[in-house]
Amino acid sequence: MTTFIPTSAAPPIPARKKSSPLNMDWGLLLIVAVLIAFGLIMVYSTTFDWSYRQFDSPTTIFFKQVTWLALGVVAMLIVARLDYHIWIRLAVPLLAFTVLALIVVLIFGTQVFGAQRGLFQGSLQPSELAKLVTVIYLAVWLTSKGEKINDISYGLVPFGVMVGFLAGLVLRQPDISAALTIIVVGAAMFFLAGADILQISLASLTGGGIGYLIVITSATARGRLSTWLAGLTNITETSWHVQQAIIAFINGGFFGRGIGESRQKFQALPTQHTDSIFAVVGEELGLIGCVFLIALFILLIWRGAKIAANARDSLGAIIASGITVWFAFEAIINIGVMVAAVPFAGNALPFISYGGSSLVVSLCAIGLLLSISRQDPDSSIQRKTRASFDYSRRDRRARLSRADRRS
C-alpha cells in the first residue's frame, strides 16, 4: 500500500505548463510501432490469397489495412497532442454519439455470419468505439464522484446502469466478446477508483448472475462453454476452430515454417486474418515468434501501468489504467482461445488482427496514453505528488490517490 504523509517541507505542486510535443513516452511508441509492423506482416501473410481470389491482386486487402493505419496514426498524433483534460467536456457528447451509433447499427447494420455489427458493408464497427468511450466516460464520471463512490446510490447503481446499458446494446448485435470487454474494463476501473468490498461483491454477484442468464439463454454462449469444458479433458472434443489452431501450433514447432508458409490458413482454419491470427503466427514463426509477440504485449502493459502510476492526477491515472486493462484483456482472451485455455470468444488481437475500426480506435487509445505521459522537461512533478496505487485500501481511500488534492 502506498501512502503519503504531508509535511511542511513538501514543495508545492508546480503550475501546469504547456508540455513539449517531443516529451512523451517514446518507449510506448516504439513498442506500438513494432507491434504494428509485426501486424502488417501477418495481415499480408493471411490475406494475400483471399485478396488475389477476390480482387485479382494479392495486396488490395493489405493496402486497405495500410490506409486505416494512416488514419489511425493521424488520429493518435492529434489525441496525443491534446491535453487529456479536454475529454472532461467531451465525455458526454462522445457517449451520446456512441449510443446513437450502437442503435443505428442494430437497425441499418450489415449482417455478417449472423451478426449485425458494422456499418458501410462492415467497415465501421461502433462496438470498437464503445470500448474507448467507456474508458473515457467512466474515468471522468468516477473522478467527479470522489469519495461519494462509496455510496451505493452514487456509485454501484449508476455505474451498473451505464455499463449494463452499453454492454446490452453491444450484446444485441450480438457481440458477446465486445460486451464482456466493456464489462471487465468498467469493473476494473470501478475497483481502482475506490469501490469498497461490498460494492465489488454485489457487482460480482450481479455480473455472475447476468453471465449465467446469457449462457443458458444464448445457444452460441452455451455451445462455446460446453465445447471448452469438454476440451479440457480431451482436446479432440473442443471446437473445430480451436482444434485447427492447435494443429497450426504443432505444425509450426519451435522455429516455424516461415513467413507465408502456413498450411492451415489455406485449409480449415477459420478467420485466419482476425480471430485466428495468433495461430498463424505459431505456424509460420513457431514458438519463438509467439513468445516474441507475447513479450511485446507484456511490455505494452508495463508501459501503460507505468503511465498510470506516474499520472499527474486521478483522471489520467484511471484513463491509463482502463486502457491498459482493455489491451491486456483482449490480448489474453485472443491468445487464450487459440491455445484452448479459455472459452471461445471473438476478440481481435490488438494491432495484429486485420480490421480498420479496431486499429484506429486502438491507436486513439495509445494517443491518450501518450498525452497522459507528457511531462514538462524542466518541471517534472515529484513522485510523492503523483497518483499512486493503494491495492489493499485499508485506509478507506481510493486505490488511485487523488494527486491533485494533495500538497
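For clarity, every value in this text was computed on a predicted model and none was experimentally measured.

## Some remarks on the overall build of the protein chain
So, step 1. Helix and strand counts for the protein chain come out as 12 helices and two strands.
So, step 2. Starting at the N terminus and ending at the C terminus, the protein chain contains elements arranged as α-α-α-β-β-α-α-α-α-α-α-α-α-α.
So, step 3. Counting only residues that meet the buried cut, the protein chain has 51% of its 407 residues in that class.
So, step 4. Taking as baseline every contact in the protein chain between residues at least 6 positions apart, the subset at least 24 positions apart corresponds to 73%.
So, step 5. Of the roughly 18,600 Å² of accessible surface on the protein chain, 68% is carried by carbon and sulfur atoms.

## Here's the deal with the packing of helix α5 (residues 156–171) against helix α6 (residues 176–192)
So, step 1. Taken N-terminus to C-terminus, the directions of α5 and α6 make an angle of 165°; their axes are 8 Å apart at the nearest point. Classified by the angle between their axes, α5 and α6 sit roughly antiparallel to one another. Crossing of α5 over α6 shows right-handed handedness. Along its contact with α5, which presents L156, F159, V163, A167, V170 and L171, the element α6 presents I176, A178, A179, I182, I183, G186, A187 and F190.
So, step 2. Across the contact of α5 with α6, the residue classes tally to 13 nonpolar, one polar and no charged.

## Quick word on the pattern of salt bridges
So, step 1. Overall, the coordinates contain five salt bridges when judged by the stated rule.
So, step 2. A salt bridge links R303 to D25; the nearest nitrogen and oxygen atoms lie 2.7 Å apart. A residue pair is termed long-range when its members are at least 10 positions apart, and R303 in helix α10 (residues 277–309) and D25 in the segment before α1 (26–55) qualify at 278 residues. The exposure classification of R303 matches that of D25, with both residues buried.
So, step 3. The partner of E284 in a salt bridge is K265, and the shortest N-O contact between them spans 2.7 Å. Of this pair, E284 sits in helix α10 while K265 sits in the loop between α9 (240–252) and α10, placing them 19 residues apart in sequence.

## Looking at empty space enclosed by the protein
If a probe the size of a water molecule is rolled over the atoms, the empty space left behind becomes visible.
So, step 1. Within this structure, the stated rule accounts for two cavities of 30 Å³ or more.
So, step 2. The volume enclosed by the largest cavity comes to roughly 60 Å³.
So, step 3. Surrounding the largest cavity, R224, T227, W228, T238, S239, V242, V337, A340, V342, P343 and F344 form its lining.
So, step 4. With three residues, the single largest contributor to the lining of the largest cavity is helix α8 (residues 219–233).

## Quick word on the packing of α1 against helix α2 (residues 60–81)
So, step 1. Direction vectors running N to C along α1 and α2 enclose 150°, while the axes themselves pass 6 Å from each other. With respect to α2, the axis of α1 lies roughly antiparallel. From α1, L29, I36, L40, V43, Y44, T47, W50, S51 and F55 reach across to α2, where they touch T60, I61, F62, K64, Q65, V66, L69 and M76.
So, step 2. Along the lines of polarity and charge, the residues of the contact of α1 with α2 split into 12 nonpolar, four polar and one charged.

## Here we look at the environment of I176
So, step 1. Mapping I176 onto the fold places it in helix α6.
So, step 2. Overall, the relative accessible area of 24% leaves I176 in the partly exposed class.
So, step 3. On a C-alpha basis, the gap between I176 and A345 in space is 7.5 Å, while along the polypeptide they are 169 residues apart.

## Examining α9
So, step 1. The terminal C-alpha atoms of α9, which comprises 13 residues, lie 19 Å apart, in line with the 18 Å expected from a rise of 1.5 Å per residue.
So, step 2. Within α9, the full set of buried residues consists of H241, V242, Q244, A245, A248, F249 and G252. Mapping the buried residues of α9 onto a view down its axis gives an arc of 160°, with all of them on the same face. Exposed residues on α9 whose side chains face more than 90 degrees from its buried face are W240 and I250.
So, step 3. Buried residues in α9 make contact with α10 and α11 (314–338).
So, step 4. In the segment just after α9, G253 is the residue with positive phi, at about 60°.

## A short note on the packing of aromatic side chains
The description of two aromatic rings rests on the distance between their centres and on the angle between their planes.
So, step 1. In this structure the tally under the stated criterion is 11 aromatic pairs.
So, step 2. Seen in terms of ring centroids, W50 and Y354 are 6.4 Å apart; in terms of plane orientation they differ by 80°. Their pairing is edge-to-face. Highlighted residues: W50 in helix α1 and Y354 in the loop between α11 and α12 (356–373), separated in sequence by 304 residues.
So, step 3. If you follow R303 out to its NZ or CZ, it ends over the ring of W302, 4.6 Å from the centre.

## Describing the side chain of D25
So, step 1. Judged by relative accessible area, D25 falls into the buried class, the value being 7%.
So, step 2. If near-sequence neighbours (up to four positions away) are discounted, D25 is found in contact with R303, I307, L370 and S373.

## Some points on the confidence of the model for the protein chain
So, step 1. Per-residue confidence for the protein chain gives a mean pLDDT of 81, with 82% of residues at or over 70.
So, step 2. Overall, residues 391–397 carries pLDDT values under 50, and its contacts beyond four positions in sequence, including any with other chains, amount to 19 contacts.

## What to know about the nonpolar core
So, step 1. Membership of the largest hydrophobic core comes to 99 residues, with the highest contact counts inside it found for L293, L300, F351 and I366.
So, step 2. Among the elements that line this core, the one with the most residues is α11, at 14 residues.
So, step 3. Apart from residues no more than four positions distant in its own chain, L293 is found in contact with L35, F38, F278, V281, L349 and I352.

What counts and how
Throughout, a residue's number is its position along its own chain's written sequence, starting from 1. Note on the predicted model: pLDDT of at least 70 is required for a residue's local features to be given, and 80 or more for side-chain atom pairs to be given and counted; whole-chain, interface and lining totals, by contrast, use all residues. Side-chain figures throughout are based on the complete set of non-hydrogen atoms in the structure, without hydrogens or water. Here a helix means four or more residues in a row that DSSP labels H or I, a strand means two or more in a row labelled E, and each is numbered from the N terminus. With a 1.4 Å probe rolled over the protein chains alone, any residue whose accessible area is under 20% of its type maximum counts as buried; one over 50% counts as exposed, and the rest are partly exposed. In what follows, residue pairs with any heavy atoms lying within 4.5 Å of each other are defined as contacts. What sets the accessible areas is the Shrake-Rupley method with a 1.4 Å probe; for residues, cover comes only from the shown protein chains. Whenever a helix is involved, its axis is fitted only over the stretch in contact; in every case the axis is a line through C-alpha atoms, and angles between N-to-C directions fall within 0 to 180 degrees. The scheme is simple: roughly parallel for angles under 35 degrees, roughly antiparallel for over 145, roughly perpendicular for 65 to 115, oblique for anything else. Definitions for this section: a left-handed crossing has its near helix turned counterclockwise from the far helix by less than a right angle. A right-handed crossing has that turn clockwise. Residue classes follow a fixed rule: Ala, Val, Leu, Ile, Met, Phe, Trp, Tyr, Cys and Pro count as nonpolar, while Asp, Glu, Lys and Arg count as charged, and any other residue, Gly among them, counts as polar. The working definition used for a salt bridge is a side-chain nitrogen of Lys or Arg within 4 Å of a carboxyl oxygen of Asp or Glu. A 1.4 Å probe that fits into a set of points on a 1 Å grid over the protein atoms alone but cannot get out defines a cavity; an open set with protein on both sides within 12 Å along at least five of seven lines defines a pocket, and lining residues are those with an atom within 4 Å of a point. Grid points are joined across faces, edges and corners, and a volume is the space filled by probe spheres set on the points. The span expected for a helix works out to 1.5 Å for each residue beyond the first. Of all possible arcs, the one meant is that of the directions from the helix axis to the C-beta atoms. Any pair of Phe, Tyr and Trp rings, taking the six-membered ring for Trp, is counted once the centres come within 6.5 Å. Such a pair is stacked with planes under 30 degrees apart, edge-to-face with planes over 60 apart, and tilted for the rest. Whether a charge sits over a ring depends on NZ of Lys or CZ of Arg being within 6 Å of the ring centre and within 35 degrees of the ring normal. Per-residue confidence from the prediction method is given by pLDDT, with values spanning 0 to 100. We define the nonpolar core as a collection of buried residues of types Ala, Val, Leu, Ile, Met, Phe, Trp, Tyr and Cys that are connected through side-chain atoms lying within 4.5 Å of one another.

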